[in-house]
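What follows is the residue order along each chain.
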Amino acid sequence: MSASCSDSHALCVTADGALYSWGKQGRTGCLGRPNIGPNEQALPGAVPLKAATRMADCESGISAAVLDDGSLCMWGSNHYGRLGLGKAALNAAVPTSTDVPLPDGCGAVTSLSVGSLYTACICASTVEGGGGGGAVLLTWGYGGHGNLGHGDRLDQASPARVTGKAGSAFAAESTLVAVACTRGQEGVKGGLYPKAGG
């Protein structure tokens, strides 16, 4: 069992893999329960998913779950591409659970972190030889501070691999076990608003 909280909603995973959400749906659909109105303060209710949930995380306006098969699904605000659904869904509100397509070479998701403006996960490598048996770090969403680790300051609408410098211990990726993203920082350089320097 686990739980995650944002500034307006929360998620919890039960021992049998059910996922519950509660709080304010807002216009983002972050509860994953389309029958809840945007201004309602919803009581705990089950999020309809295609399989049992292994882990979940949420942040303001966005939710994510890793299912028993290791797949990742997300819902809520796709501002800056933080749902990882590609450019076609950029800046849209996605009120229902949607599968996040992972790049080739990525297997089951083993760690997940939803940040204020971007998301990261670690998944098992499915590449045989060299990288087989290791892990792959993926990031996507807002990248204006270089926070995605791709060597630039660009936003990324789909999950992309973080590789590190060739020959570095990080580039081998064999020891990655957990990842954490920055959460809202009220009062620090404008908080959650990148255009204000946050």
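Residues numbered from 1 in each chain as written. Predicted model: local features only at pLDDT ≥ 70, side-chain atom pairs only at ≥ 80, totals over all residues. Heavy atoms only, no water.

**Quick look at the nonpolar core**
In globular proteins that are soluble, nonpolar side chains generally tend to be buried together.
Then, number 1: One finds Leu72, Met74, Leu112 and Leu138 to be the most contacted residues of the largest nonpolar core, which totals 20 residues.
Then, number 2: Of all elements in the fold, only β6 (62–67), β7 (72–77), β9 (106–114), β10 (118–125) and β11 (135–141) reach the threshold of two or more residues within this core.
Then, number 3: Looking at which element gives the most residues to this core, the answer is β9, with four residues.
Then, number 4: Of all hydrophobic cores here, the second largest spans 10 residues; its members include Val47, Ala56, Cys73 and Trp75. (Core = buried A, V, L, I, M, F, W, Y, C linked by side-chain atoms within 4.5 Å. Buried < 20%, exposed > 50% of the residue type's maximum accessible area, 1.4 Å probe, protein only. Helix = DSSP H or I, 4+ residues; strand = E, 2+ residues; numbered from the N terminus.)

**Comments concerning the pairing of strand β5 (residues 53–59)**
Then, number 1: Taking burial as the measure, the seven residues of β5 include six buried ones, the bulk of the element.
Then, number 2: Bridge analysis of β5 against β6 gives six bridges, and the strand direction is antiparallel. By the bridge assignment for β6, cysteine 58 is matched with serine 63.
Then, number 3: In this structure, the hairpin formed by β5 and β6 is closed by a connection of two residues, where glycine 61 is found at a positive phi of approximately 80°. (Pairing = 2+ DSSP bridges.)

**A closer look at the packing of aromatic side chains**
Then, number 1: On inspection of all chains with the given rule, the structure shows one aromatic pair.
Then, number 2: Aromatic pair tyrosine 80 and tyrosine 142: ring centres 5.0 Å apart, planes at 70°, arrangement edge-to-face. Linking tyrosine 80 in the loop between β7 and β8 (93–99) with tyrosine 142 in the loop between β11 and β12 (156–161), this pair joins segments that are 62 residues apart in sequence.
Then, number 3: Tyrosine 80 sits in the buried class, given a relative accessible area of 16%.
Then, number 4: Note on tyrosine 142: relative accessible area 10%, which makes it buried. (Phe/Tyr/Trp six-rings, centres within 6.5 Å; stacked < 30°, edge-to-face > 60°.)

**Description of the sheet that holds strand β1 (residues 2–5)**
Then, number 1: The strand order across the open sheet formed by four strands is β1-β2-β3-β4, and the pairing between neighbours is antiparallel. Each end of this open sheet is capped by a strand with a single partner; those strands are β1 and β4 (41–46). Shown here is a sheet whose adjacent strand axes are inclined to one another by a mean of 10°, direction ignored.
Then, number 2: Relative to strand β3 (residues 19–24), strand β2 (residues 9–13) is paired through five bridges, and the arrangement is antiparallel. Bridging from a neighbouring strand, valine 13 pairs with leucine 19 of β3. (Axes fitted to C-alpha atoms, helices over the stretch in contact; angles between N-to-C directions.)

**Here we look at the pairing of β11**
Then, number 1: Extensive coverage of β11 is indicated by the burial of seven of its seven residues.
Then, number 2: Residues Ala135, Leu137, Thr139 and Gly141 of β11 are buried on one face, and the alternating residues Val136, Leu138 and Trp140, pointing to the opposite face, are buried as well.
Then, number 3: Pairing analysis gives seven bridges linking β10 to β11, with the strands arranged antiparallel. Note that in β11 the partner of threonine 119 across the bridge is tryptophan 140.
Then, number 4: Note: β11 against β12, three bridges, orientation antiparallel. For glycine 141, the partnering residue across the bridge sits in β12 and is glutamine 156.

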